[in-house]
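Architecture at a glance
Residues per chain, in single letters:
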Amino acid sequence: MTSGLPCPICEGPDRRGSLERSLRVLAVDDEAPALEDLTYLLRSDPRIAHVEAVTDATKALRVLHRAMDAGQPLDAVFLDIRMPGLDGLDLARVLSRFAQPPPVVFVTAHQQPAVEAFELKALDYLLKPVRQERLAESVHRIVHEVWDSKTATEPSAPAPAQQPAKSTPPEMGDEVIPVELGGVTRFIRLADIRYVEAHGDYARLHTATGSGLVRAALNGLEERWRSAGFVRIHRSHLVSLGHIDELRLEEGHLSVTIGGAVLPVSRRHARHLRQLLVRRARPAPVTGGTQPRNGLGS
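Residues numbered from 1 in each chain as written. Predicted model: local features only at pLDDT ≥ 70, side-chain atom pairs only at ≥ 80, totals over all residues. Heavy atoms only, no water.

Considerations on the overall build of the chain
- Helices and strands together make up the secondary structure of the chain, namely nine helices and 16 strands.
- Across the 298 residues that make up the chain, the buried fraction comes to 43%.
- Within the chain, contacts between residues at least 6 apart in sequence are counted, and of these 55% link residues at least 24 apart.
- A total of about 16100 Å² of accessible surface is found on the chain, and carbon and sulfur atoms cover 51% of it. (Helix = DSSP H or I, 4+ residues; strand = E, 2+ residues; numbered from the N terminus. Buried < 20%, exposed > 50% of the residue type's maximum accessible area, 1.4 Å probe, protein only. Contact = heavy atoms within 4.5 Å. Areas by Shrake-Rupley, 256 points an atom, 1.4 Å probe, with all protein chains shown as cover.)

Have a look at this one:
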């Protein structure tokens, strides 16, 4: 730590061991020499365990989503501002719509965008060439940010016997996902995804206007998006409950209709799906044929 007063979080005997080599960060810069220098400085900090380095914003989003899918979200992003295509400020706007946005530290040779950067709630703003002591201050701020977020989620007292069901974060539907479409990367909102289809090592995300691929396993997306109302109905399909138009039972086979697509529901997932749908709508007895969304059977 480089500031005057000792920090109980960074330097306390009960914290030092847990914070050494614990942070996982991402560095983004389109200029290779600058990226190498920043990566070297970050890896030299004893509080940083892992550094990912990429050269553009699209790759950065892929790394961030892959880390979240693996259940190991990155703790912070060190981000250049002036980059071709999606620049650093654009990327920061996308990150601000994540359910849990990572802290952003801008690293740039230009002072002009500083006001806009802090309007985007940047944690810090570093000017190139970056000095080790100044970078250490940014890492110190990240440590505080991470520690505060962890302590905020820890219960201060034993949980009562009955806990209310966990609600969906209101901003989660605004999460933005980069998808591949004909060699072009475009960004779609989580709330616009109707259903997800397994596609080899990828998953195809379907919206009202088309579909696109992300490199992610269906199991990871199921876990990550459960609180946003997504549920597994088949080994090949994950659906958004809010986009289900119809529940069908024909000749003993259950299926759902979403925007014209008819998707099978496997027997192992049928009971759970029906229970979830009943909670969202007034129950009605299941008969043959089609049942509208507001009259789903139990």
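Next comes the rest of the description.
Comments concerning the packing of aromatic side chains
- Counted according to the given criterion, the structure contains two aromatic pairs.
- Here Phe106 and Tyr125 contribute two aromatic rings whose centre-to-centre distance is 6.5 Å and whose plane-to-plane angle is 55°, an arrangement assigned as tilted. Taken together, the residues span a long stretch of sequence, with Phe106 in strand E4 (residues 104-108) and Tyr125 in strand E5 (residues 124-127) at a distance of 19 residues.
- Residue class for Phe106 comes out buried when judged on its relative accessible area of 0%.
- It is Arg215 that lies over the ring of Tyr202; its NZ or CZ is 5.3 Å from the centre. (Phe/Tyr/Trp six-rings, centres within 6.5 Å; stacked < 30°, edge-to-face > 60°. Lys NZ or Arg CZ within 6 Å of the ring centre and 35° of its normal.)

Observations regarding the pairing of strand E13 (residues 246-250)
- Across five bridges, the pairing between E13 and strand E14 (residues 253-258) is antiparallel. Each residue of the ladder has a partner; that of Glu246, found in E14, is Thr257.
- In this structure, the hairpin formed by E13 and E14 is closed by a connection of two residues, where Glu251 is found at a positive phi of approximately 55°. (Pairing = 2+ DSSP bridges.)

Some remarks on the pattern of salt bridges
- This structure, assessed with the given rule, holds 16 salt bridges.
- In this structure, Arg226 engages Glu223 in a salt bridge whose closest nitrogen and oxygen atoms are separated by 2.8 Å.
- For Arg248, the salt bridge is made with Glu246, and the minimal N-O distance between the two is 3.3 Å.
- Judged by its relative accessible area of 22%, Glu246 falls in the partly exposed class.
- Within the structure, one salt-bridge network assembled from shared partners comprises Asp124, Arg134, Glu137 and Arg141. (Salt bridge = Lys/Arg side-chain N within 4 Å of Asp/Glu carboxyl O.)

Some points on unusual backbone geometry
- Pro129 follows Lys128 through a cis peptide bond whose omega is -5°.
- Turning to its location among the elements, Pro129 is positioned in the loop between E5 and helix H7 (132-153).
- For Lys121, which is not glycine, the phi torsion reads 65° and is therefore positive.
- Along the polypeptide, Lys121 turns up in the loop between helix H6 (114-119) and E5.
- Located in the positive-phi region is Glu251, a residue other than glycine, with phi close to 55°.

Comments concerning the nonpolar core
- Residues Leu26, Val28, Leu79, Leu95 and Phe106 are the most contacted members of the largest nonpolar core, which totals 27 residues.
- Among the secondary structure elements, those contributing two or more residues to this core are strand E1 (23-28), helix H4 (57-69), strand E3 (76-79), helix H5 (88-95), E4 and H6.
- Here the element with the most residues in this core is H4; it accounts for six residues.
- Leu42, Ile48, Leu135 and Val146 belong to the second largest nonpolar core, which has 21 residues in total. (Core = buried A, V, L, I, M, F, W, Y, C linked by side-chain atoms within 4.5 Å.)

With respect to the pairing of E3
- Burial along E3 is two-sided: the residues Ala76 and Phe78 and Val77 and Leu79 are all buried.
- Strand direction decides the pairing type here: E1 and E3, joined by four bridges, are parallel. Each residue of the ladder has a partner; that of Val28, found in E3, is Leu79.

A few points about the environment of Leu221
- Relative to the elements of secondary structure, Leu221 occurs in helix H8 (residues 218-225).
- For Leu221, a relative accessible area of 1% puts it in the buried group.
- With 153 residues separating them in the primary sequence, Leu221 and Met68 have C-alpha atoms 9.3 Å apart.
- Ignoring any residue separated from it by four or fewer positions in sequence, one finds Leu221 in contact with Asp69, Val196, Ala203, Leu205, Ala216 and Leu238.

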